[in-house]
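Structural description and commentary
Listed here are the chains, written in short residue letters.
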Amino acid sequence: MAASYLSKSNKIIINNIKLSKFYMFRSLNHTSSVTDSVFSRRLIHSTTPPPLLNHAGIETGTFYRGFESVSGGRRSHTATSFSEEIDQLPVEAPLQQELNFPGGKVKFTPKRMFTPGSNEERTNCYRVLNENGELIVDNDSFKMSKELAVRMYTDMVTLQVMDTIFYEAQRQGRISFYLTTIGEEAINIASAAALKNIDFVFPQYREPGVLLWRGFTLQEFANQLFGNKYDQGKGRQMPIHYGSKKLNYITVSSTVATQIPQAVGAAYSMKMEKKDSCAITYFGDGGSSTGDFHAGLNFAAVMEAPVIFFCRNNGWAISTPISDQLRGDGVVVRGKAYGIPSIRVDGNDALAIYSAVYEARKMAIEKQTPVLIEALTYRAGHHSTSDDSTKYRPADEIEWWRDDQSPVKRFKKWIESNGWWSDQVEMEHRSSIRKQLSQAIQAAERVEKPPVADMFNDVYDVPPKNLNEQQDLLTKHIKKHAQEYPSNVAV
Amino acid sequence: MWGILRQKVGDTGLSPQGLGNQMLRLRPATSAVRDYSAATKEMTVRDALNSALDEEMAADPNVYVMGEEVGEYQGAYKITKGLLDKFGPERVVDTPITEAGFAGIGVGSAYHGLRPVIEFMTFNFSMQAIDHVINSAAKSNYMSAGQINVPIVFRGPNGPAAGVGAQHSQCYGAWYGSVPGLKVLVPYSSEDARGLLKAAIRDPDPVVFLENELLYGESFPVSAEALDSSFTLPIGKAKIEREGKDVTITAFSKMVGYALKAAEILEKEGINAEVINLRSIRPLDRATINASVRKTNRLVTVEEGFPQHGIGAEICASVVEDSFGYLDAPVERIAGADVPTPYAANLERMAFPQIEDIVRAVKRACYRSV
């Protein structure tokens, strides 16, 4: 009995080996279909590869492996030469401990174990300043100059004041729509400060602070909101859809998360041009649910594109709380699934954000890899002026996050403790910004709207005949009935 | 091959352009007649597209191709054959399966200055990516007030093939043709394919390039001028494939061939039909169509797509707007049946216009008994 069992199992072993040998041989021959070459490309190392045959069986010569991975060991499927293994394989080999599947070596285990959907402990959150604005001991001990810190703080305050005043302007009926960044000032300013102006920014819509940092003026913001003739967007978009080619900030587009794969494309373009720059794209917890998020991250990893994915996980997608948006430990854990280095950071800590983005940019460019940053924070304002968030969340929760966890307050405490700031300076700065904003709004309101001619251009590079004809007709019509049309709008 | 051809041209002592112009004058309007003069050769639509891509990629290092199976597999329909070997994986990019993903990535790279040619395995799959084609590409120049232009080409087979069922047979000419900011091209012959694709790649605006799977293998004569690497066709100009005086038939893509065959049948019955190859759905060459209708006074439009809101509807409206007084009969629209495409061969045949349908429609327009 025992004897027959043994011989049976021997046969099984030998058959398995034979099959796998045959499998390995087949992949070396490259003769038949082209699909083989996709498989073999992954397995066989570039040291003396067998000649690559195309689908017609003709030797093509060159052997492609995509971009050679800059950080060699990063790929899980580092290849080994098969020919050696076949020669060394004895007839009675021990059972396979691991197998080189397409994608790389995988170890076997007899333990049937499902990895749990979520760990007991969530991924840790990187923080440098505590809630009192004190540097946490054992931090990464980077130094920030007074100049940079003060500049960051003043911009955070400017952003805060700008939001309050423009929001009020909408409430007064002077502009049609507005969307605030309350609670996310650190994310906006600190991330912008860690980048260079040559890095392309693909925003969602809650990142005007990045524009502010790069030099967009309060007047320019106001012009866009009022859609007047000085608006860089020629009055074509609804408010807060800023864009600036000069500052490398792609015009805000209402469609959620479409900017994610676009950023990957731009990063790919930079990679091809071997530029020392990266792309960064911002999106919220809601945006991370889209198909574009998946495609963008997956592609970026495969293409090894220098792009930073910055997720502003502020807990709310309009009225959808995070518990209805996703299960699993937030967005940071998804990075690993795509093969992307990731970090979770305290979104209310300007220093931590600066440090993380600074390092991410370095990694993205030097190692030509995407990086995922999830900043945990809270959307302290309403989704937009079309929303009243007290309808779906408790007012005291909003208040606690807005006041106690305010990133502006926390950073202020730190720079004050360094003797770089005082209440007096604060008061002067806030009052100055309020005045500038008030003037900017008044000025923007008075400026006339873009000319009617602007309705017809930029559809194509060269205006087509039919649009030229329509423009002519309209111009003639307006001239003929001038009294029916507003006199302060040019033709 | 091209080198030998150019030598031949040089030997005659004429410049390639000069010879080409002569060729154009000598060449008959219909592509059904084979021209055997010295410098004419035949070329399949597939080779025409391949050569156009090859030349444009060689001329401009910013042009690159991206799509599923375009690289190692040499293209799902072999349109991109040989390009991976010649230009490398940086410029011929095989993608994971996500049209939304690679369309968005293509648009993003165009924002930064590359000139992508995105291949959809068929335009049916472009529905997965249509938000990027329309909202990210077509509208960007306008919405950014001229700051962001998108020199991208989306190409691939469009419309029915043979026995591929409802989800692989829809025509998207009407959908894309309605969007301002896009240009939509529909080549028929090899010369159309070469000239229009080269023009599309060089164009600063986003272009949707609708090919036809069944035409890929068809051969057409190409002039020496068309083989030159600087050859392009103007976007927005239709071509009169066959001149006539009794009725105008407009068609695009595969239906041009059907219309020409129908015209031959009609000729025997004394009806002299003018066949217009649209070449471009957006911009639509209203001038050529209207001039033709003013000459013949009767119009039949042919398309494979669904009838409601189709290309024929737009052409009919355009003619009614511009040349109402010239029409001697109501406009006849021939389109695909208003059903998702059936698979069974006999049903599929009945779901799309056949040559007999075009003949009957022309006779109706001419008030002849059918």
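Heads up: the structure comes first, above all this text.
So, here's what we can say about the structure. (Residues numbered from 1 in each chain as written. Chains lettered and ligands numbered in written order. Predicted model: local features only at pLDDT ≥ 70, side-chain atom pairs only at ≥ 80, totals over all residues. Heavy atoms only, no water.)

**What about the nonpolar core?**
In this structure, Val 264, Val 307 and Phe 309 of chain A together with Phe 154, Tyr 176 and Val 208 of chain B are the most contacted members of the largest nonpolar core, which totals 74 residues. The dominant element in this core, judged by the number of residues it contributes, is helix α8 (residues 259-272) of chain A, at eight residues. When residues no more than four places from it in sequence are discounted, the contact partners of Phe 154 of chain B are Ala 103, Val 107, Ile 118, Phe 120, Phe 123, Val 133, Ala 137, Val 207, Val 208 and Phe 209 of chain B. Ile 189, Ala 350, Trp 414 and Ile 441 of chain A belong to the second-largest nonpolar core, a separate cluster that totals 73 residues. (Core = buried A, V, L, I, M, F, W, Y, C linked by side-chain atoms within 4.5 Å. Buried < 20%, exposed > 50% of the residue type's maximum accessible area, 1.4 Å probe, protein only. Helix = DSSP H or I, 4+ residues; strand = E, 2+ residues; numbered from the N terminus. Contact = heavy atoms within 4.5 Å.)

**Describing the interface of chain B and chain A**
Many structure descriptions define interface size as the accessible area lost when the parts assemble. If you look at the interface, chain B gives 49 residues, while chain A gives 46 residues. For the pair chain B and chain A, the summed buried area comes to about 4100 Å², and 63% of that belongs to carbon and sulfur atoms. The largest contributions to the chain B side of the interface with chain A come from His 112, Tyr 142 and Gln 147 of chain B, which together make up 19% of the buried area. For the pair chain B and chain A, the number of links is 15 residue pairs in polar contact (both at pLDDT 80 or more). For the side of chain B that touches chain A, the secondary-structure elements that each account for two or more residues are β2 (63-67), α4 (83-87), α5 (99-111), α6 (130-138) and α7 (140-143) of chain B. (Buried area = accessible area lost by both parts, 1.4 Å probe. Polar contact = N/O pair within 3.5 Å; in protein donor to acceptor, adjacent residues only side chain to side chain.)

**Some remarks on the sheet that holds β2 of chain B**
All names here are of chain B. Taken in spatial order, the seven strands of this open sheet run β3-β2-β4-β5-β7-β6-β12, and their pairing is mixed. A strand with exactly one partner marks an edge of an open sheet, and here the two such strands are β3 (92-94) and β12 (280-282). Neighbour-to-neighbour, the strand axes of this sheet turn through a mean angle of 20 degrees, independent of strand direction. Where strand β6 (residues 183-185) lies against strand β7 (residues 207-211), three bridges are found, and the strand directions are parallel. Note that in β7 the partner of Lys 183 across the bridge is Val 207. (Pairing = 2+ DSSP bridges. Axes fitted to C-alpha atoms, helices over the stretch in contact; angles between N-to-C directions.)

**Overview of the pattern of salt bridges**
All names here are of chain B. Summed over all chains, the structure comprises 45 salt bridges over all chains. The salt bridge partner of Arg 194 is Glu 55, with a shortest N-O separation of 3.0 Å. With a gap of 139 residues between them, Arg 194 in helix α9 (residues 190-202) and Glu 55 in helix α3 (residues 45-59) connect regions that are remote in the sequence. On the basis of relative accessibility, which here comes to 1%, the residue Arg 194 falls in the buried class. Across the pair Lys 239 and Glu 241 runs a salt bridge whose closest N-O atoms are separated by 3.6 Å. Since its relative accessible area comes to 22%, Lys 239 is described here as partly exposed. (Salt bridge = Lys/Arg side-chain N within 4 Å of Asp/Glu carboxyl O.)

**Topic: the packing of helix α11 (residues 254-268) of chain B against helix α15 (residues 355-365) of chain B**
Residue and element names in this part refer to chain B. Axis separation between α11 and α15 bottoms out at 9 Å; the angle between their running directions is 55 degrees. Taken as axis vectors, α11 and α15 run oblique relative to one another. As α11 runs across α15, the sense of the crossing is right-handed. Counting all contacts with α11, which are made through Tyr 258, Ala 259, Lys 261, Ala 262, Ile 265 and Leu 266, the residues of α15 involved are Ile 355, Ile 358, Val 359, Val 362 and Lys 363. (Parallel < 35°, antiparallel > 145°, perpendicular 65-115°, else oblique. Left-handed = near helix turned anticlockwise from the far one by under 90°.)

**A few points about the sheet that holds strand β3 (residues 200-202) of chain A**
All names here are of chain A. Pairing in this open sheet of five strands is parallel, and the strands run β3-β4-β5-β9-β8 from one edge to the other. Two strands bound the open sheet, and with one partner strand each, they are β3 and β8 (342-346). Here the strands of the sheet are splayed against their neighbours by 20 degrees on average, with no regard to which way each runs.

**Let's talk about empty space enclosed by the protein**
Applying the stated criterion across every chain, the model contains 10 cavities of 30 Å³ or more. The calculated volume of the largest cavity comes to roughly 140 Å³. In terms of lining, the largest cavity is formed by 18 residues, of which the most central are Ile 250, Thr 251 and Ser 253 of chain A together with Tyr 111 and Ser 140 of chain B. Broken down by secondary-structure element, the contributors of at least two residues to the lining of the largest cavity are α8 of chain A together with α6 and α7 of chain B. A class-by-class count of the residues in the lining of the largest cavity yields seven nonpolar, 11 polar and no charged. (1 Å grid on protein atoms, 1.4 Å probe; cavity = no way out; pocket = protein on both sides within 12 Å on 5 of 7 lines; lining within 4 Å. Points joined across faces, edges and corners; volume = space filled by probe spheres on them. Nonpolar A, V, L, I, M, F, W, Y, C, P; charged D, E, K, R; others polar.)

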